[in-house]
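Structural overview
One-letter residues, chain by chain:
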Amino acid sequence: MKAMILAAGLGNRMRPLTDHTPKPLLCANNKPLIEYHLENLQRAGIRDVIINLAYLGEKIRAHLGDGERWNLQIQYSQEPEPLETGGAILKALNLLGDETFLLINGDVWSDLEFSELCAQLLSPTHLGHLLLVPNPEFHPLGDFALSDSGVLLEDAQKKHPQRFTFAGISLLKPQLVSHYPNKRAKFPLVECFRHAIAQQQLSGQLHHGHWSDVGTPERLQELEDYLSPIT
């Protein structure tokens, strides 16, 4: 299995920290965020990693190189500008191949072992499996609901009032993007999710462990405070 880490964002909400440093290279407990993902991928036995680059991408490439330090093989998908999450995957399809892959947002942190998620077998009729978390304070309404059978629902709050937040970690089939009828050079992946959900082609699971969306300096500090005592 291959993995793709999304690392091309501008990090506007993290300024001034991201004025000269791309968000995936910001440190928590003296380690760049993206290195936590690389170590987790190594533990999961995943060796082929694709990282998309745009804003300050040359710094990410210079820091990570070819991945040899983690016993990984890193390839880069260079974007002329950030293509958003859907456009990033579309551009990288030639690197991802035809098999299910693990997709990870470069600016999240979780204590989930990727090997646990990768052990999930996608149904032949499903195009993806999303990791969900209880809604954080900054996103109280959540994104999706889960049926009793684990199928993702979007507009089912009338029957399932409890909605959860997408954790930015998922198993996806390339067809989720390549067969999306409205795909274009630059677009958000959530459009593909909604299209697949309408056809009951996505599943999900709820993670009750620690998870952080490192979207602001304050949240980065919260992660720093969480990690410092336990390392």
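The rules we used
Residue numbers restart at each chain and count upward from 1, following the sequence in its written direction. Per-residue local features are limited, in this predicted model, to residues with pLDDT of at least 70; the limit for side-chain atom pairs, both in listing and counting, is 80 or more; totals at the level of whole chains, interfaces and linings are taken over all residues. Hydrogens and water are ignored here; the side-chain numbers use all heavy atoms of the structure. A run of H or I in DSSP counts as a helix once it spans at least four residues, and a run of E counts as a strand once it spans at least two, with each numbered from the N terminus. Note on classification: 1.4 Å probe, protein chains only; a residue is buried when its accessible area is under 20% of the maximum for its type, exposed when over 50%, partly exposed between these limits. We call two residues in contact whenever any of their non-hydrogen atoms come within 4.5 Å of each other. In this description, accessible areas are obtained by the Shrake-Rupley approach with a 1.4 Å probe, and a residue is regarded as covered only by the protein chains that are shown. In summary, the charge assignment counts Lys and Arg as positive and Asp and Glu as negative, without counting His or the chain termini. Working definition for charges: the position is that of NZ of Lys, CZ of Arg, CG of Asp or CD of Glu. It is the directions from the helix axis to the C-beta atoms that the arc portrays. Throughout this description, the term salt bridge denotes a Lys or Arg side-chain nitrogen within 4 Å of a carboxyl oxygen of Asp or Glu. Each patch is assembled from residues with relative accessible area greater than 30% and no salt bridge, linking like charges that lie within 9 Å and nonpolar side chains (Val, Leu, Ile, Met, Phe, Trp, Tyr) that lie within 5 Å. Identification of polar contacts relies on pairs of N or O atoms within 3.5 Å, with a donor-acceptor requirement for protein atoms, meaning one able to donate a hydrogen and the other able to accept it, and with residues adjacent in sequence counted only if both atoms are side-chain atoms. Between any two strands, pairing holds if DSSP finds at least two bridges. Helix axes are fitted to C-alpha atoms over the stretch in contact, other axes to C-alpha atoms as well, and angles between N-to-C directions run from 0 to 180 degrees.

Concerning the overall build of the protein
In terms of regular secondary structure, the protein is built from seven helices and 13 strands. Projected onto its principal axes, the C-alpha positions of the protein cover 45 × 40 × 30 Å. By the burial criterion, 53% of the 231 residues in the protein qualify as buried. Summarising the internal contacts of the protein: among those between residues at least 6 apart in sequence, 73% fall at separations of at least 24. For the protein, the accessible surface area stands at approximately 10,900 Å², while carbon and sulfur atoms represent 50% of it. Distance between charge centroids for the protein: 5 Å, based on 20 positive and 27 negative side chains.

Topic: helix α2 (residues 57-64)
Within α2, the full set of buried residues consists of Gly57, Ile60 and Leu64. Looking down the long axis of α2, one finds its buried residues gathered within 60 degrees of arc, a one-sided arrangement. The exposed set on the far side of α2, more than 90 degrees from its buried face, consists of Glu58 and Ala62. Lining the buried residues of α2 we find α1 (33-44), β4 (48-53) and β5 (73-78). With its phi angle positive at about 60 degrees, Gly65 sits one or two positions after the end of α2.

Quick look at the pattern of salt bridges
Counting across every chain of the model gives seven salt bridges. For Arg43, the salt bridge goes to Glu113, with nearest N and O atoms at 3.0 Å. Of the two residues, Arg43 sits in helix α1 while Glu113 sits in the loop between β7 (108-110) and α4 (114-118), which places them 70 residues apart along the sequence.

Focus: a negative patch on the surface
Among the surface-exposed residues, Glu137, Glu218, Glu222 and Asp225 lie close enough to one another that they form a single negatively charged patch. Among the residues examined, Glu222 registers a relative accessible area of 52% and is labelled exposed.

Quick word on the side chain of His207
Residue position: His207 is located in the loop between β12 (202-206) and β13 (211-213). Side chain to side chain, His207 and Asp111 meet in a polar contact 2.8 Å long. Every residue in contact with His207, bar those within four places of it in the chain, is listed here: Ser110, Asp111, Leu112, Leu131, Leu132, Val133 and Pro134.

Things to note about the sheet that holds strand β1 (residues 2-6)
Judged by pairing direction, the sheet is mixed, and its seven strands sit side by side in the order β5-β4-β1-β6-β11-β8-β12 without closing on themselves. Each having just a single partner strand, β5 and β12 make up the two edges of the open sheet. With strand direction ignored, the average angle separating the axes of adjacent strands in the sheet is 25 degrees. With four bridges joining them, strand β6 (residues 101-105) and strand β11 (residues 165-172) adopt antiparallel strand pairing. Among the inter-strand pairings, Ile104 is bridged to a residue of β11, identified as Ile169. The strands touched by α1 are β1, β4, β5 and β6; relative to β1, the strand with the most contacts, the crossing angle is about 170 degrees. Contacts from helix α3 (residues 84-96) reach β1, β4, β5, β6 and β11, with the element oriented near 150 degrees to β1.

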